[in-house]
Amino acid sequence: MREDPFVTLAEGYEAWYETPLGAFVIAEEERALQSLLPPGESLLEVGAGTGYWLRRLPYPWKVGLEPSAAMLRVGRERVPEAKWVEGQGEALPFPETSFDVVLLFTVLEFVEDVEKTLSEARRVLKPEGRLLVGILEALSPWAALYRRLGEQGVLPWTQARFLTREDLKDLLGPPEAEGEAVFLAPEAQPPFFEADRAGRRAGNRGALYLGRWR
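Residues numbered from 1 in each chain as written. Predicted model: local features only at pLDDT ≥ 70, side-chain atom pairs only at ≥ 80, totals over all residues. Heavy atoms only, no water.

S.K.: Can you walk me through helix α5 (residues 165-172) in this structure?
M.R.: Quick reminder: α-helices carry 3.6 residues per turn. Residues three or four places apart thus point the same way. Among all positions in α5, only R165, L168 and L172 are buried. Down the axis of α5, the sector holding all buried residues measures 60°, keeping them to one side. Looking at the buried positions of α5, the neighbouring elements they touch are α3 (114-123), β5 (125-136), β6 (177-181) and β7 (208-213). Downstream of α5 by a residue or two, G173 has a phi angle that is positive, lying close to 85°. (Buried < 20%, exposed > 50% of the residue type's maximum accessible area, 1.4 Å probe, protein only. Helix = DSSP H or I, 4+ residues; strand = E, 2+ residues; numbered from the N terminus. Arc of directions from axis to C-beta. Contact = heavy atoms within 4.5 Å.)

Structure (C-alpha cells):
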C-alpha cells in the first residue's frame, strides 16, 4: 500500500476554498455537481476526504468512505451526521445494491486501480442507481499545474495520475448526463467570472469534468 499523501494535509485541506480564487472554483464545481445530482435516499461518497461534499449533498442517509486515517478523523469531526468508514475504493466493504447514488469526486487521481474502483462503485449501486464521477481533466491547465507540482515533490500531487473525459468514457461508456467547470487558468486574476469566460472562449477544457452513469 502506498504512503498516505494526505497525512500532513488533512487539517488545512479546505483552507484554499476560503481564498478568493478557491472560493470561485469551489462554487463553480458545486454548481456543476448540483446540476447532475439524481434523486435518492442513500449516498456513498468514495474518497470523502474531510466531508466537504457530504455536508452539502441532500441525501437522508450518507456514508463517507476514506482511506486516509488523517482525513477520516477530520471528516468525522466536521460531518458527524454521516456514517464514516475507513477503506479502499478497490474493495468497498458494502453488499451489492446498497446505495442509490455513488459519488467519486476527484478521487480516481489517487487510487491504485481505476478500473477496480469503478467496478466496485457499480457493484454497490442499486439497479436504478446512479454513479457520479468527477475528474481533474488531464488536458486542462490545472492538471498541467498539478503535474508540475508533483514533479517538484509537492503533496498530494506526487502520487496523482490524471484522466481525460475520453478515458473515463472508455471505461464506463457514454454518460447519461455530463458537465464541466472552471475554465480559467490557475494564475487568473479577478474578476474571475470574466477570466472564466475568457478561458472558455480560448478553448480550455474545464478543470473539472463530471459525468453521470446508470
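S.K.: Quick question: what am I supposed to make of the sheet that holds strand β1 (residues 42-46) here?
M.R.: Read from one edge to the other, the open sheet built from seven strands follows the order β3-β2-β1-β4-β5-β7-β6, with strand pairing classed as mixed. Of all strands in the sheet, those bounded by a partner on one side alone are β3 (83-86) and β6. In this sheet, adjacent strand axes meet at a mean angle of 15° when their direction is disregarded. The sheet contact formed by β6 and β7 spans five bridges and is antiparallel. (Pairing = 2+ DSSP bridges. Axes fitted to C-alpha atoms, helices over the stretch in contact; angles between N-to-C directions.)

S.K.: Quick question: what am I supposed to make of the nonpolar core here?
M.R.: Soluble globular proteins tend to pack their nonpolar side chains together in the buried interior. With 44 residues, the main nonpolar core has L33, W53, L57, L103, W142, F162 and L184 as its most contacted residues. Only α1 (20-36), α2 (69-78), β4 (99-105), β5, α4 (141-151), β6, α6 (192-201) and β7 provide two or more residues apiece to this core. A per-element tally of this core places α1 first, with seven residues. Residue contacts for W142: discarding those within four places in its chain leaves W16, L21, V25, V182, L184, A185, P186 and A207. (Core = buried A, V, L, I, M, F, W, Y, C linked by side-chain atoms within 4.5 Å.)

S.K.: Explain the side chain of R212 here, please?
M.R.: Within the secondary structure layout, R212 lies in strand β7. Side-chain polar atoms of R212 contact the backbone oxygen of L36, separated by 2.9 Å. The residues touching R212, leaving out its near neighbours within four places in the chain, are L36, P38, R130, L131, L132, P175, E176 and A177. (Polar contact = N/O pair within 3.5 Å; in protein donor to acceptor, adjacent residues only side chain to side chain.)

S.K.: Mind showing me how you'd approach the environment of W16 here?
M.R.: With respect to the helices and strands, W16 occurs in the segment before α1. You can call W16 partly exposed: its relative accessible area is 35%. Non-local contacts of W16, meaning those with residues more than four positions away in its chain, are made with L21, G22, A23, V25 and W142.

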